[in-house]
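Tertiary structure, described
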Amino acid sequence: PRFSGCLLPVSESPAVNNAPKAFALLGPTASGKTALALELAARFPCEIISLDSALVYRGMDIGTAKPSEAELAAVPHHLIDIISPVEAYSAADFVRDCTRLVNEIHARQRLPLIVGGTMMYYRALSSGLNELPAADAAVRAQLQDEKNRYGLAHLYQRLQTLDPATAERLNANDSQRIERALEVLALTGRPLSEHFQAAGNKSALTLHALALIPADRSRLHRVINRRFAAMLEQGLADEVRALAQRYPELDGTYPAMRCVGYRQTWDCLFHGAPWDELPEKGAAATRQLAKRQLTWLRSLSADTVLDPYAATPTPAAADALQRFFGC
């Protein structure tokens with residue numbers, strides 16, 4: 001049943017220091033976040049704000065496991081299909097948009113439910129944005145020269161030595177973020193992880209974090225493997241090919257095409273990577289993403305932690321949401 005008691009006037013919605021409340025449903029990829037969010041929205045007057053750096057892109061539906069048209073129609077969704085794959089969207093953009101949306105949702109006397117697994121966005125939302133230096137052309141040129149001479153692995157190994165905390169949360173193939181982390185270190189003399197720690201709790205929102213953390217990681221891996229195989233059957237390669245045709249400037253260096261599954265498919269389409277290796281390479285990249293997400297989630301000290309495979313998490317999640325909003 002829907003809990004109509006959550007429909008409180010905005011002024012009566014309890015929050016710490018008058019900051020508007022938002023409930024965050026976090027978890028690794030393929031952990032059932034979308035299904036749980038829809039179940040909560042069937043019980044409570046929720047609107048869903050996507051916390052997913054891939055769902056912002058139009059035309060990227062299959063490889064992002066984007067909610068279906070029926071699911072999008074059933075509950076108001078935000079921050080999905082808002083830019084093209086050749087446009088940029090940053091953590092700062094997310095914090096600005098999410099904060100605005102939370103206030104607008106409260107004004108409609110509804111409940112903001114933030115759902116996703118892009119931990120960089122959530123960290124920026126919960127801990128505040130960092131005052132990081134602007135890009136420096138000279139430092140970037142030096143890093144590019146090193147990468148061309150010695151390879152990306154050389155830069156990643158250096159980051160592992162100088163800033164192991166940042167290296168642990170990055171993919172060894174994430175050239176953009178590896179170079180940015182080394183650039184910040186060169187410009188400030190401090191690791192990027194220290195900058196994040198120094199940001200402190202500057203969130204404009206009062207947040208409750210519910211983390212889905214499976215006790216049996218092998219079960220999550222099986223779901224990931226099946227899901228990526230299904231994406232290939234549904235036409236992921238055709239989707240990537242269509243994107244390349246629609247956006248001629250698009251290439252593998254764009255953040256959109258560095259999303260897991262898309263990068264591996266792009267390599268097969270345009271760089272001669274073997275097609276027979278795509279199912280395992282795409283699934284392996286997704287498992288690595290899940291590993292990084294779980295590492296971050298375990299360090300979060302979430303307000304509520306549930307195992308998505310230990311019976312149904314819906315009753316406990318509903319109880320946490322109801323208590324948080326004071327329904």
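Look above for the structure.
Reference entry: report on the structure contained in this document.

Cut-offs used in this document
Residues numbered from 1 in each chain as written. Predicted model: local features only at pLDDT ≥ 70, side-chain atom pairs only at ≥ 80, totals over all residues. Heavy atoms only, no water. Helix = DSSP H or I, 4+ residues; strand = E, 2+ residues; numbered from the N terminus. Contact = heavy atoms within 4.5 Å. Areas by Shrake-Rupley, 256 points an atom, 1.4 Å probe, with all protein chains shown as cover. Lys, Arg positive; Asp, Glu negative; His and termini not counted. Charge placed at Lys NZ, Arg CZ, Asp CG, Glu CD. Buried < 20%, exposed > 50% of the residue type's maximum accessible area, 1.4 Å probe, protein only. Pairing = 2+ DSSP bridges. Right-handed = clockwise from strand over helix to strand, strands pointing away. Axes fitted to C-alpha atoms, helices over the stretch in contact; angles between N-to-C directions. Parallel < 35°, antiparallel > 145°, perpendicular 65-115°, else oblique. Left-handed = near helix turned anticlockwise from the far one by under 90°. Nonpolar A, V, L, I, M, F, W, Y, C, P; charged D, E, K, R; others polar. Core = buried A, V, L, I, M, F, W, Y, C linked by side-chain atoms within 4.5 Å.

**Remarks on the overall build of the protein chain**
Scanning the protein chain for helices and strands turns up 14 helices and 6 strands. The principal-axis extents of the C-alpha atoms in the protein chain amount to approximately 60 × 45 × 40 Å. Considering only contacts in the protein chain between residues 6 or more positions apart, those separated by 24 or more positions represent 78%. Counting only carbon and sulfur atoms, one obtains 51% of the accessible surface of the protein chain, whose full area is about 15200 Å². Charged side chains in the protein chain number 35 positive and 35 negative. The centres of these two groups are separated by 3 Å.

**Some points on the pairing of strand 2 (residues 46-51)**
Along a regular strand, successive side chains alternate from one face of the sheet to the other. Within strand 2, 6 of the 6 residues are buried, leaving the element largely enclosed by the surrounding structure. Burial of strand 2 is two-sided: the residues Cys46, Ile48 and Ser50 facing one way and the residues Glu47, Ile49 and Leu51 facing the other way are all buried. Pairing geometry for strand 2 and strand 3 (residues 77-78), over 2 bridges, is parallel. Residue pairing for strand 3: Ile48 is matched across the bridge by His77. With helix 2 (residues 69-74) bridging strand 2 and the parallel strand 3, this β-α-β connection has right-handed handedness.

**Comments concerning the sheet that holds strand 4 (residues 111-116)**
With parallel pairing, the 6 strands of this open sheet are ordered in space as 3-2-4-1-5-6. This sheet does not close on itself; its edge strands, each paired only once, are strand 3 and strand 6 (304-306). With 6 bridges connecting them, strand 2 and strand 4 associate as parallel partners. Bridged to Leu51 within strand 4 is Gly116.

**Side note on unusual backbone geometry**
Phi is positive for Ala65, close to 55°, though the residue is something other than glycine. With respect to the secondary-structure elements, Ala65 resides in the loop between strand 2 and helix 2. The exposure class assigned to Ala65 is partly exposed, which follows from its relative accessible area of 31%. One non-glycine residue, Ala311, lies in the positive phi region at around 60°. If you trace the backbone, Ala311 turns up in the loop between strand 6 and helix 14 (314-325). You can call Ala311 exposed: its relative accessible area is 67%.

**Regarding the packing of helix 6 (residues 152-162) against helix 8 (residues 175-188)**
Relative orientation of the contacting elements helix 6 and helix 8 amounts to 50°, with a least axis distance of 10 Å. With respect to their mutual orientation, helix 6 and helix 8 come out oblique. For the pair helix 6 and helix 8, the sense of crossing is left-handed. Listed contacts from helix 8 to Leu152, Leu155, Tyr156, Arg158, Leu159 and Leu162 of helix 6 are Ser175, Ile178, Glu179, Ala181, Leu182 and Leu185. Across the contact of helix 6 with helix 8, the residue classes break down as 9 nonpolar, 1 polar and 2 charged.

**Concerning the nonpolar core**
With 58 residues, the main nonpolar core has Phe94, Ile114, Tyr122, Leu125 and Met257 as its most contacted residues. The element contributing the most residues to this core is helix 3 (residues 91-107), with 7 residues. Membership of the second largest hydrophobic core comes to 23 residues, among which are Leu40, Val75, Leu210 and Leu306.

**Observations concerning the side chain of Glu179**
In this structure, Glu179 sits in helix 8. A relative accessible area of 11% means that Glu179 is categorised as buried. Excluding anything up to four places from it in sequence, Glu179 contacts Leu143, Gln144, Lys147 and Leu155.

**Re the packing of helix 1 (residues 33-43) against helix 14**
Put simply, helix 1 and helix 14 touch, their axes get as near as 10 Å, and they point 55° apart. Classed by the angle they form, the pair helix 1 and helix 14 counts as oblique. Relative to helix 14, helix 1 is oriented so that their crossing is right-handed. On helix 14, the residues that touch Leu36, Glu39, Leu40 and Arg43 of helix 1 are Thr314, Ala317, Ala318 and Leu321. Tallied by class, the residues present in the contact of helix 1 with helix 14 amount to 5 nonpolar, 1 polar and 2 charged.

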